[in-house]
Amino acid sequence: MPKENNQTLEQTLWKAADKLRKNMDAAEYKHIALGLIFLKYISDAFVELYDKLQTGEGEYAGADPEDPDEYRAENVFFVPETARWAYLQDRAKDPEIGTDIDDAMDAIEKQNPTLKGVLPKVYARPNLDKQGLGGLIDLIGTIALGDAEAKSKDVLGRVYEYFLGEFALAEGRKGGQFYTPESIVKLLVEMLEPYQGRVFDPCCGSGGMFVQSEKFVQNHQGRLDDISIYGQESNQTTWRLCKMNLAIRGIDSSNVKWNNEGSFLNDAHPDLKADFILANPPFNDSDWSGDQLRKDGRWQYGPPPTGNANFAWVQHFIYHLAPSGRAGFVLSNGSLSSNTGGEGDIRQKLVEADLVDCIVMLPTQLFYNTGIPACLWFLSRYRNGNKARDRRGEILFIDASDLGYMLNRRNRDLADDDIQTVAGTYHEWLKKDGNYADVKGFCKSATLDEVKKHNTVLTPGRYVGIPDEDDDGIPFEEKMAALTTELRDQMQEAEQLDAEIKAQLAKVGFEL
């Protein structure tokens with residue numbers, strides 16, 4: 001199915017599902033809808049193998065389609081009879097459908113230990129309209145209808161991902177922390193190109209970095225088993241969304257861990273050295289238990305301030321980087337220039353250690369849950385030119401603040417061309433024979449001496465400068481004459497409109 005049609009399918013499904021939400025908050029409805037999409041996915045995958053086992057041809061000769069081991073052998077979740085989609089859809093209009101779905105989720109978890117504690121059991125709640133729930137089941141039941149490609153499990157994966165983004169948009173500033181907008185994740189992945197190795201996200205939210213990494217490998221004809229993923233999340237409901245998001249994509253999530261203490265207090269992968277780190281940590285987090293960690297071994301470049309976790313995250317990433325590892329992550333713009341609580345000293349040491357590879361200034365309004373301006377940091381332990389051009393002693397600054405388009409009145413997004421412009425500039429800069437050149441107002445390769453002259457403030461605007469204005473050849477006096485004539489005409493029109501408003505108001509008895 002062409003991509004355009006898929007988008008139409010996803011948008012149509014979202015609109016229909018959102019209508020069935022009625023008065024329920026998006027934050028609550030999210031678990032209802034996404035849980036059902038996941039249930040549909042594992043049921044479809046089960047039925048596909050069930051039919052082969054029942055037919056019993058070739059390698060399936062003599063197989064028992066009700067034997068759970070047959071499914072475990074092929075990494076397919078076993079679905080008990082009362083949890084299968086057809087069974088539940090037949091009962092969609094039954095008043096007890098909520099209890100039936102909760103029981104189905106329980107039964108699936110009992111048969112599949114890797115899903116223990118992951119699936120939502122929220123469907124029997126009295127505040128959930130059972131008629132609306134039945135309608136949602138019927139709606140999701142249509143997803144696999146259509147041609148052969150539409151029946152593929154990947155469609156359900158895309159629908160799940162699309163719904164995640166729409167729920168984040170619907171929750172807006174009240175929530176949405178679980179989701180990093182797809183274009184930002186895509187930009188990080190396109191810049192780092194994680195073809196091979198261990199990919200780590202210590203604040204992984206709903207798992208967008210992992211899904212996008214796998215997509216990148218697939219799009220470049222790589223082997224999915226060449227990368228392995230490691231993650232940690234402190235919010236249990238978000239972790240559940242992540243586990244389902246990865247399972248629906250067929251991604252092994254056994255190393256995505258949850259504990260409510262978080263990565264600073266209880267690092268779930270203390271010995272991990274990752275080849276790639278991709279992350280979007282909470283902006284300017286002031287409640288990170290920094291006072292309990294003043295002498296932590298991770299703070300090689302200085303203890304981070306207790307009132308802001310930005311440079312605790314940066315040093316946590318560095319601690320987990322392999323000797324040739326690279327990291328790309330999102331931080332608030334304040335991280336580029338702040339001197340509060342020793343942040344300036346830490347930033348200076350990172351620059352002097354030659355770890356900072358590239359800084360990208362992002363456009364505003366990209367995030368659904370915050371209006372704080374943000375940037376991307378890229379760190380590298382491997383800048384000596386063995387695999388790329390020797391860029392030791394240099395930092396690439398990119399000002400992408402003018403890129404993107406308005407998605408709606410509140411939010412901006414980056415188009416694929418924007419992503420390729422930024423990622424392409426970075427890759428040309430890295431190549432041994434790359435076609436890189438500074439572009440005034442957009443990019444600048446600065447030496448560490450230049451950066452030190454700016455007191456290691458890393459705001460790209462300081463280095464790339466202001467773009468030259470195009471000379472249209474019209475003399476200044478001529479331009480001013482045209483502009484003042486236009487202004488005079490507008491002022492005269494305003495006077496006429498004011499007079500007309502006064503006249504009309506007078507007709508109905510109001511005087512100004």
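In this text the structure is predicted, and so the values were computed from the model without any measurement. (Residues numbered from 1 in each chain as written. Predicted model: local features only at pLDDT ≥ 70, side-chain atom pairs only at ≥ 80, totals over all residues. Heavy atoms only, no water.)

Participant: A description of the environment of Arg 125 should follow, citing residues and the corresponding values.
Facilitator: Relative to the helices and strands, Arg 125 is located in the loop between helix H5 (97-111) and helix H6 (130-140). Here the alpha-carbon distance between Arg 125 and Lys 502, two residues 377 residues apart in the chain, equals 58 Å. Excluding residues within four positions of it along the chain, Arg 125 makes contact with Glu 28 and Lys 130. (Helix = DSSP H or I, 4+ residues; strand = E, 2+ residues; numbered from the N terminus. Contact = heavy atoms within 4.5 Å.)

Participant: An account of the packing of aromatic side chains is requested, with residue identities and associated values reported.
Facilitator: Taken as a whole, this structure holds 24 aromatic pairs when the rule is applied. Three or more aromatic residues link up through ring pairs in this structure, and these residues are Phe 264, Trp 288, Trp 299, Phe 311, Trp 313, Phe 317, Phe 329 and Trp 377. Here Lys 273 stacks its cationic end above the ring of Tyr 319, 4.2 Å away from the centre of that ring. (Phe/Tyr/Trp six-rings, centres within 6.5 Å; stacked < 30°, edge-to-face > 60°. Lys NZ or Arg CZ within 6 Å of the ring centre and 35° of its normal.)

Participant: Go over the nonpolar core, please, and point to the residues and values.
Facilitator: Leu 36, Phe 38, Ile 101, Phe 163 and Val 360 are the most contacted members of the largest nonpolar core, which has 111 residues in total. Tallying contributions element by element places helix H2 (residues 26-55) first for this core, with 16 residues. Setting aside residues up to four positions removed in sequence, Phe 38 forms contacts with Phe 77, Leu 115, Leu 119, Met 244, Ala 247 and Ile 248. Counting residues in hydrophobic clusters, the runner-up holds 42 residues, among them Tyr 230, Val 351, Ile 395 and Leu 458. (Core = buried A, V, L, I, M, F, W, Y, C linked by side-chain atoms within 4.5 Å. Buried < 20%, exposed > 50% of the residue type's maximum accessible area, 1.4 Å probe, protein only.)

Participant: Please give an account of the sheet that holds strand E2 (residues 227-233) that cites residues and values.
Facilitator: Whenever strands of a sheet pair, they do so through backbone hydrogen bonds, lying parallel or antiparallel. Across the sheet, 9 strands lie side by side as E3-E2-E1-E4-E5-E7-E6-E8-E11; this open sheet has mixed pairing. With one partner strand each, in any of the chains shown, strand E3 (256-258) and strand E11 (443-447) form the two edges of the open sheet. Neighbouring strand axes in the sheet, compared pairwise and without regard to direction, differ in orientation by 15° on average. Bridge count between strand E1 (residues 197-201) and E2: 5 bridges; the pairing is parallel. (Pairing = 2+ DSSP bridges. Axes fitted to C-alpha atoms, helices over the stretch in contact; angles between N-to-C directions.)

Participant: Can you tell me about empty space enclosed by the protein, naming the residues and giving the values?
Facilitator: Counted under the stated rule, the structure contains 2 cavities of 30 Å³ or more. Of the volumes computed, that of the largest cavity is approximately 80 Å³. Looking at the largest cavity, the residues that line it are Glu 161, Leu 164, Tyr 179, Thr 180, Glu 182, Val 185, Ser 206, Gly 208, Val 211, Gln 212 and Asn 245. Breaking the lining of the largest cavity down by element, the ones donating at least two residues are helix H7 (153-171), helix H8 (182-192) and helix H9 (208-219). Size it by volume and the second largest cavity reaches roughly 40 Å³. (1 Å grid on protein atoms, 1.4 Å probe; cavity = no way out; pocket = protein on both sides within 12 Å on 5 of 7 lines; lining within 4 Å. Points joined across faces, edges and corners; volume = space filled by probe spheres on them.)

Participant: Explain the side chain of Asp 357 residue by residue, including any values.
Facilitator: Assignment of secondary structure puts Asp 357 in strand E6 (residues 356-361). The buried category is assigned to Asp 357, whose relative accessible area is 4%. Setting aside its immediate chain neighbours within four residues, Asp 357 contacts Phe 378, Leu 379, Ser 380, Arg 383, Glu 394, Ile 395, Leu 396, Tyr 426, Trp 429 and Leu 430.

Participant: Before we move on, can you summarise the pattern of salt bridges with the specific residues and values?
Facilitator: Applying the stated criterion to the full structure yields 22 salt bridges. Between Arg 84 and Glu 66 there is a salt bridge, with the nearest N and O atoms lying 2.9 Å from each other. With Arg 84 in the loop between helix H3 (68-72) and helix H4 (85-90) and Glu 66 in the loop between H2 and H3, this residue pair connects regions lying 18 residues apart in the sequence. Since its relative accessible area comes to 35%, Glu 66 is described here as partly exposed. With a closest N to O distance of 3.4 Å, Arg 223 and Asp 225 form a salt bridge. Across this residue pair, the class does not change: Arg 223 and Asp 225 are exposed. Within the structure, one salt-bridge network assembled from shared partners comprises Glu 161, Glu 182, Lys 215 and Arg 249. (Salt bridge = Lys/Arg side-chain N within 4 Å of Asp/Glu carboxyl O.)

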